[in-house]
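Analysis of the macromolecular model
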Amino acid sequence: MPRILNVAAAQLGPIARNETRASAVARMIELMDQAKSAGADLVVFPELALTTFFPRWFFDNQDEIDAFFESDMPNAVTQPLFDRASELGIGFSFGYAELAREAGQTRHFNTSILVDKTGAIAGKYRKVHLPGHVEHEPWRAFQHLEKRYFEPGDLGFPVFDAFDGRMGMCICNDRRWPETFRVMGLQGVEMVMLGYNTPVHYPPAPEHDHLQDFHNHLVLQAGAYQNGTWVVGVAKAGKEEGCDLIGGTCIIAPTGEIAAQTETLDDEVIVHACDLDRCREIQENIFNLALHREPDSYRLITEPKAATE
């Protein structure tokens, strides 16, 4: 019998700076209900799904920054999402800003979690590849201060046994780096879930603005094909606080083909029946890593951080 996982990609439209978390959660519950009605077993939400994309502003007051973070998960505001999922018997994944107190330190991560059908957290990932800059750059139309507000994830790229498959997560800019998918591919990943908040305009290289949608799908499709895995990429989309965010939420097959894609920049759900056994078409053939991979020739990848002469 094939292992069919009915997956919903739940795109969110803009979240205003003054929109409450409770409002965002209510929107997510509505999308979850739609996903369940369409037969979904698992629903995937975007990066930083509970708030507006706050790294677009410069803050020098830590209390202002921390107001966008969650110190517990679930918490009083998000518990209704967990409760509704448990009632429906549906799993979900979403991203949020995590304030962690570990070993006497306060730490800040861009985090995603995977929740099973009972409402229990089955996996956690912290974003590794933080884009943007650290200091205020007023020449930009908007800031991208992830490097200021977060630290790089410290959990690596784990893969979790859940939903009768091998599940992995990454977040936004992670998708642009082939190592992200390869590390999970080496663990036999069968589905990678990721959310993103991606502006149409890229201030350091505006000549690339027209390529944003193309580059988004390019890296998702390449990651899927080169590792024989399903990929679920979910956008926060539309004009959010004056900043245009791309959509393009999609579910991609292990062959690299787009199996389903949203049509709007608003709250929208797409659902696809993902046969996890189709991963074998790639993993046991052209990208049979055990048979064809030559890691001794790739040592340069892990030695320097940047290009060498």
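Residues numbered from 1 in each chain as written. Predicted model: local features only at pLDDT ≥ 70, side-chain atom pairs only at ≥ 80, totals over all residues. Heavy atoms only, no water.

So, about the pattern of salt bridges. Pairing between side chains of opposite charge can happen when the charged atoms of each approach one another. On inspection of all chains with the given rule, the structure shows 26 salt bridges. A salt bridge links Arg107 to Asp154; the shortest N-O distance between them is 3.1 Å. Note that Arg107 is positioned in strand β4 (residues 105-115) and Asp154 in the loop between α4 (146-149) and β6 (159-162), a separation of 47 residues in sequence. Taking the relative accessible area as the measure of exposure, Arg107 reaches 18% and is therefore buried. A salt bridge links Asp277 to Arg280, with the shortest nitrogen-to-oxygen separation between them at 3.5 Å. Overall, the relative accessible area of 44% leaves Arg280 in the partly exposed class. Connected through salt bridges with shared partners, the residues Glu98, Glu102, Arg107, Lys124, Arg126, Glu151 and Asp154 form a single ionic network. (Salt bridge = Lys/Arg side-chain N within 4 Å of Asp/Glu carboxyl O. Helix = DSSP H or I, 4+ residues; strand = E, 2+ residues; numbered from the N terminus. Buried < 20%, exposed > 50% of the residue type's maximum accessible area, 1.4 Å probe, protein only.)

Attention shifts here to the side chain of Gln143. Secondary-structure assignment places Gln143 in the loop between β5 (121-126) and α4. On the basis of relative accessible area, Gln143 is assigned to the buried category, the value being 5%. Among the polar contacts made by the side chain of Gln143, one reaches the side chain of His136 at a distance of 3.4 Å. Setting aside anything within four residues of it in sequence, one finds Gln143 in contact with Pro55, Arg56, Trp57, Phe58, His133, Glu135, His136, Glu137 and Pro138. (Polar contact = N/O pair within 3.5 Å; in protein donor to acceptor, adjacent residues only side chain to side chain. Contact = heavy atoms within 4.5 Å.)

This part is about the packing of aromatic side chains. For the structure on display, the rule yields twelve aromatic pairs. When the centroid spacing of 5.8 Å and the interplanar angle of 50 degrees are considered together, the rings of Phe54 and Phe150 count as tilted. Here Phe54 is found in the loop between β2 (42-44) and α2 (62-66), whereas its partner Phe150 is found in the loop between α4 and β6, with 96 residues between them in sequence. Judged by relative accessible area, which is 0%, Phe54 ranks as buried. Aromatic pair Phe94 and Tyr96: ring centres 5.6 Å apart, planes at 35 degrees, arrangement tilted. The class for Phe94 is buried, based on a relative accessible area of 0%. Overall, Tyr96 belongs to the buried group, its relative accessible area being 3%. Taken together, the ring pairs in this structure connect Phe54, Phe59, Phe68, Phe69, Tyr149 and Phe150 into an aromatic cluster. (Phe/Tyr/Trp six-rings, centres within 6.5 Å; stacked < 30°, edge-to-face > 60°.)

Let's shift gears to the confidence of the model for the chain. In this model, the chain carries a mean pLDDT of 97, and residues with pLDDT of at least 70 account for 100%. Taken element by element, the chain is modelled with least confidence in helix α8 (residues 289-292), mean pLDDT 96, and with most confidence in strand β9 (residues 230-235), mean pLDDT 99. (pLDDT = per-residue confidence, 0-100.)

Moving on: the environment of Phe82. Relative to the helices and strands, Phe82 resides in helix α3 (residues 79-88). Residue Phe82 is classed as buried on the basis of its relative accessible area of 2%. Excluding anything up to four places from it in sequence, Phe82 contacts Met73, Pro74, Phe92, Phe94, Ile113, Val115, Gly119 and Ile121.

The α-helix winds at 3.6 residues per turn, so residues separated by three or four positions along the chain end up facing the same way. Here helix α5 (residues 178-185) has its buried residues at Thr180, Phe181, Met184 and Gly185. Seen along its axis, α5 keeps its buried residues to an arc of 125 degrees; they face one direction. Against the buried residues of α5 lie β6, β7 (165-171), β8 (191-196), α6 (212-227), β9 and α8. (Arc of directions from axis to C-beta.)

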